[in-house]
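Given next are the chains, with one letter for each unit.
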Amino acid sequence: MSIDIAQFHQVFFEESFEGLEVMESGLLDLEVGQPDAEAINSIFRAAHSIKGGSGTFGFTAIGEFTHLLETLLDEMRNGTREVTREAVDVLLLAVDSLREMLSAARDGADFDAEAVAAVHAKLEQQLAAGSAVPVTPAVEATTASASASASASGAAGGEWTIAFAPHPNLFATGNDPVRILRELRALGDSRVQADLSGLPPYAEFDPEACYVRWTITLDGTVEESAIREVFEWVEDDADIHLERASAAGAEVPGSACNDAVDEAVAAPALTVAPPPVERRGGEDRRSGERRAGAAGGSTSSIRVDIGKVDSLINLVGELVITQSMLGQLDDPEHVDFDKLREGLAQLERNTRELQESVMRIRMLPISFSFNRFPRLVRDLSSKLGKEVELKIVGEQTELDKTVLEKIADPLVHLVRNALDHGIEQPDRRAAAGKPRHGTLTLAARHEGGNIVIEISDDGAGLDCDRLLAKARERGLVGADEHLPEDRNHELIFHPGFSTAKEISDVSGRGVGMDVVKRNIKELGGVIDIQSKFGAGSTIRIRLPLTLAILDGQLVRVGDQTYIVPLVSIIESLQVDPSRIKSVVGAAELYRLRGEYIPIVRLYKLFGIEPESSSLEDGLLVVIEGEGQRAGIFIDELLGQQQVVIKSLETNYRKVDGISGATILGDGTVAMIMDAGGLIALNRQAHKPANPSDNVKAA
Amino acid sequence: MDTSMNAQSIELGMTDNVGNADQYLTFLLNGEEYGVDILRVQEIKGWMPTTKIPNTPEYIRGVMNLRGAIVPIIDLRLRFNMPAIEQTATTVVIVLKVESEAGERTIGFVVDAVSEVYNVSAEHFKAAPDFGSQVHTDFIRALATVDEKMIILLDIDRLVGSDGILQAPNASH
């Protein structure tokens with residue numbers, strides 16, 4: 001049986017990254033001076049898992065690095081080392097390095113060896129610096145490695161003799177004795193002897209059982225606790241006997257060369273060992289599908305709460321019951337309409353619930369995104385010399401995984417902005433009568449079918465006068481033009497607009513807010529800002545919960561039905577002929593409350609036979625896309641409904657003016673309009689140089 | 001010749017695989033008989049009204065809902081510049097898998113009627129003669145004679161690929 005160990009790499013990486021997150025958030029919460037023992041323990045466990053995993057999968061560099069980290073943590077755990085701010089800083093740096101090393105290993109790339117070496121050196125420096133608390137002799141091992149510290153208490157005796165007799169079911173628990181032997185060897189000089197007397201005759205040989213026992217002789221300077229630690233995972237699955245020989249040290253008879261025995265042991269063990277996946281019980285087991293996916297490369301996967309899957313199974317069960325109930329009505333002679341109606345109502349309910357339930361699987365709490373901010377705020381505020389308290393509200397609010405991934409970068413940008421431009425230096429705050437430390441609040445909540453994310457600070461707020469001056473300077477606003485306050489604030493979303501007096505490496509280059517706004521718009525969301533000069537700003541992002549479903553307005557043009565996303569619609573109105581103006585006899589405009597908006601005759605643009613080409617007979621739907629407005633001329637407004645977005649690109653290609661398609665209740669397909677694309681298409685169609693060849697004359 | 005969509009004949013053909021001959025599903029178009037590799041055929045559907053896609057060549061009839069997937073429909077008559085006809089009782093949509101540069105696509109093709117399933121081995125292939133610029137023959141894989149009839153075997157990937165209809169609008173302009 002050959003095992004492709006690579007298929008478990010993805011699982012290892014995923015778990016390691018999760019472990020790093022645990023470590024990071026643990027370290028951030030760690031109180032200097034009086035650490036919570038359980039917190040240190042959980043950090044230590046995460047590091048230990050990464051070390052174990054990287055050893056198993058042959059990522060030695062990661063393993064060695066983590067080992068140092070672990071040693072440091074172990075000392076903190078035992079209380080032999082004080083938790084200082086410097087130590088935590090170094091540990092955080094180490095977490096970053098580990099993350100980089102892991103990403104590099106995952107992508108098959110090289111990591112920045114110099115940077116890692118620098119952190120490595122810092123860790124060693126920390127270790128060497130020792131601790132304020134004196135090391136209690138003997139029992140408390142300062143380090144598990146066979147380095148200098150071993151001599152501190154190692155003089156006690158001669159060689160260790162370890163009798164290691166695994167139970168036959170050792171492999172079933174996912175443990176590999178060879179790994180344990182290697183780990184022992186790493187502790188110090190050792191000799192290993194295998195006892196093959198337990199091997200049954202070939203016919204009775206169970207390939208998944210362990211029949212071999214080992215006697216290991218180990219350098220006497222190694223701590224007992226270090227040896228115990230090696231066997232930590234197999235304690236319950238093996239008989240382990242530790243004995244220390246007198247200083248003279250009885251030689252184990254017939255001791256063979258380390259490597260030879262190791263190889264001899266390795267051969268049977270490797271061929272029969274079950275996949276060493278998930279050595280630790282209790283954590284979630286992976287489905288076969290996940291493994292298949294993992295083998296295929298970097299497929300994106302999602303962790304789903306088992307409760308969600310259970311509810312899905314329940315719903316499918318109900319659906320099956322409804323189906324069999326409807327099936328019983330299949331009697332052409334006698335149709336029971338009441339029962340049929342009842343069944344159909346039930347089917348509708350089942351389907352709706354099933355849809356909601358399936359959508360919920362894609363939903364993840366926003367904490368996945370928020371969790372990175374404590375670190376970011378900590379690092380950035382100390383760099384800027386500001387005191388900032390971060391408050392996170394509603395981190396359990398769920399939203400679609402795709403949306404979650406796409407707002408991560410905009411959020412980082414907004415938080416950096418708030419820290420850099422928003423919150424002032426402590427002295428300035430004190431002078432303004434505010435507490436020295438600023439407060440940054442990240443809040444998320446559901447509102448209807450949307451998620452609202454707010455980033456607010458109690459900092460300086462936007463200076464309207466400076467914004468206006470800057471805008472005038474750049475010619476965005478006329479010299480004596482005055483803007484209402486909200487329009488004024490919106491200036492910051494203008495490309496290249498920055499009010500920072502000097503450019504720092506944090507922000508101030510004037511790229512960003514426009515990109516943030518564009519990203520949010522691409523997700524079908526809106527962003528606005530409220531600010532009070534001197535009191536702080538709040539940026540509010542409103543996003544649809546999912547990209548798979550949208551609220552649509554069904555409209556009819558000729559015999560075709562189209563869907564206009566409700567978010568794009570400003571209003572729908574009946575045409576007042578006196579307000580229609582034309583430019584150069586061609587382009588039609590409609591005067592709407594002092595603004596002139598172009599009229600888009602959809603039937604012309606899309607080449608459809610309209611019911612009427614006279615504007616008075618139809619309606620104008622005013623839409624907004626990419627900051628521009630237009631009035632779409634249609635024959636009739638139909639209903640509003642939620643539609644499931646299907647891509648046209650799966651089997652065809654992108655079509656200008658169309659963002660996708662959906663299937664209506666009667667099974668026919670309807671196109672979903674893309675407001676921005678439609679306006680652009682209309683502009684193009686009016687350029688005489690570029691007539692659209694395929695548009696049929698209406 | 002039976003011109004209706006005859007499920008029985010398709011079934012008989014399927015079980016009748018002789019030697020290393022490939023099987024071809026043939027269909028009728030303006031009196032001519034065309035064949036496509038049967039392994040590409042996903043299903044055969046009756047004609048259903050389609051939803052138009054704006055600004056596409058006329059031979060793209062629009063899209064259809066195929067069990068939740070949005071599938072474009074190409075009218076082969078119009079594609080081959082044959083006179084358009086009204087849909088008849090035998091008009092069907094043959095849904096094929098097409099390999100394109102952009103990946104595998106599912107596309108429906110409107111034809112007059114489904115005909116037969118034939119085993120055609122490669123030695124019966126005759127290369128299509130060069131018609132000059134009059135007829136593009138890129139997408140004709142070969143001509144084959146079966147039961148004294150000429151069958152035009154189509155290379156469906158080339159047929160779709162040569163049109164560039166699957167390319168994004170910006171690329172084709």
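On a predicted model such as this, the values are computed, not experimentally measured, just so you know.

Calculation notes
Residues numbered from 1 in each chain as written. Chains lettered and ligands numbered in written order. Predicted model: local features only at pLDDT ≥ 70, side-chain atom pairs only at ≥ 80, totals over all residues. Helix = DSSP H or I, 4+ residues; strand = E, 2+ residues; numbered from the N terminus. Buried ≥ 20, exposed ≤ 12 C-beta atoms within 10 Å, placed from the backbone. Contact = placed C-beta atoms within 7 Å. Axes fitted to C-alpha atoms, helices over the stretch in contact; angles between N-to-C directions. Parallel < 35°, antiparallel > 145°, perpendicular 65-115°, else oblique. Left-handed = near helix turned anticlockwise from the far one by under 90°. Nonpolar A, V, L, I, M, F, W, Y, C, P; charged D, E, K, R; others polar. pLDDT = per-residue confidence, 0-100. Pairing = 2+ DSSP bridges. Expected span 1.5 Å × (residues − 1).

(A) Up close: the overall build of chain A. From N to C terminus, chain A includes 21 helices and 22 strands. For chain A, the residues scored as buried account for 30% of the 698 residues in total. For chain A, long-range pairs separated by at least 24 residues make up 71% of all intrachain contacts whose partners lie at least 6 apart in sequence.

(B) Here's a closer look at the packing of helix H3 (residues 60–78) of chain A against helix H4 (residues 85–107) of chain A. Residue and element names in this part refer to chain A. At a closest axis distance of 10 Å, the pairing of H3 and H4 adopts a crossing angle of 160°. Considering their axes alone, H3 and H4 lie roughly antiparallel with respect to each other. Crossing hand, H3 versus H4: left-handed. Note on element contacts: H4 touches H3 through Leu 91, Ala 94, Ser 97, Leu 98, Met 101, Leu 102 and Ala 105, opposite Ala 61, Ile 62, Phe 65, Thr 66, Leu 69 and Leu 72. Here the contact of H3 with H4 is composed, by residue class, of 11 nonpolar, two polar and no charged.

(C) Structural context of the confidence of the model for chain A. Residues and elements named next belong to chain A. Looking at chain A as a whole, its pLDDT mean stands at 77, while 82% of the residues score no less than 70. Across residues 247–298, where pLDDT falls below 50, the model places 71 contacts with residues more than four positions away in sequence or in other chains. Low confidence marks residues 689–698, where pLDDT is under 50. Its contacts with residues over four positions away, or in another chain, come to 16 contacts.

(D) Spotlight on the interface of chain A and chain B. Listed as interface residues are 25 residues of chain A and, on the opposing side, 22 residues of chain B. Within the residue set of the side of chain A that touches chain B, elements represented by two or more residues are strand S21 (658–663) and strand S22 (669–673) of chain A.

(E) Structural view of the packing of helix H2 (residues 37–56) of chain A against H3 of chain A. Residues and elements named next belong to chain A. Orientation of H2 relative to H3, taken along the N-to-C sense of each, is 155°, at an axis distance of 9 Å. As judged from the angle between their axes, H2 and H3 are roughly antiparallel. Here H2 runs over H3; the crossing is left-handed. Of the residues in H3, those touching H2 at Ile 40, Asn 41, Ile 43, Phe 44, Ala 47, His 48, Ile 50, Lys 51, Ser 54 and Gly 55 are Ile 62, Gly 63, Thr 66, His 67, Leu 69, Glu 70, Leu 73, Asp 74, Met 76 and Arg 77.

(F) Region of the structure containing the sheet that holds strand S20 (residues 636–644) of chain A. Residues and elements named next belong to chain A. Reading across from one edge, S20-S12-S13-S22-S21 is the order of the five strands in this open sheet, with mixed pairing throughout. Each of the sheet's edge strands pairs with one partner strand only, and the pair in question is S20 and S21. Taken pair by pair, the neighbouring strands of this sheet meet at an average axis angle of 35°, ignoring direction. The pairing of strand S12 (residues 549–557) with S20 spans seven bridges and is classified as antiparallel. Directly across from Gly 552, in S20, lies its bridge partner Gln 641.

(G) Looking closely at the environment of Leu 199 of chain A. Within the secondary structure, Leu 199 of chain A is located in the loop between strand S2 (190–195) and strand S3 (213–218). Note: C-alpha distance between Leu 199 of chain A and Cys 210 of chain A (11 residues apart in sequence) is 8.7 Å.

(H) Main features of H4 of chain A. Residues and elements named next belong to chain A. The first and last C-alpha atoms of H4 sit 33 Å apart over 23 residues, in line with the 33 Å expected at 1.5 Å per residue. Buried positions along H4 lie against helix H1 (9–29), H2, H3 and helix H5 (113–129). Just beyond H4, the residue with positive phi is Gly 108, at close to 70°.

(I) Structural view of the environment of Asp 138 of chain B. All names here are of chain B. Assignment of secondary structure puts Asp 138 in the loop between strand S9 (125–126) and strand S10 (140–146). Taking C-alpha positions, Asp 138 is 8.2 Å from Asp 155, a pair spaced 17 residues apart along the chain. Those residues within four positions of Asp 138 in sequence are excluded, and the remaining contacts are Arg 158 and Ser 162.

(J) Structural detail: unusual backbone geometry. Residue and element names in this part refer to chain B. Although it is not a glycine, Asn 30 sits at a positive phi angle of roughly 55°. Mapped onto the elements of the fold, Asn 30 is located in the loop between strand S1 (22–29) and strand S2 (32–37). You will see that Asn 81, though not glycine, has its phi angle at about 60°, which is positive. The topology assignment puts Asn 81 in the loop between helix H2 (76–79) and strand S6 (92–100).

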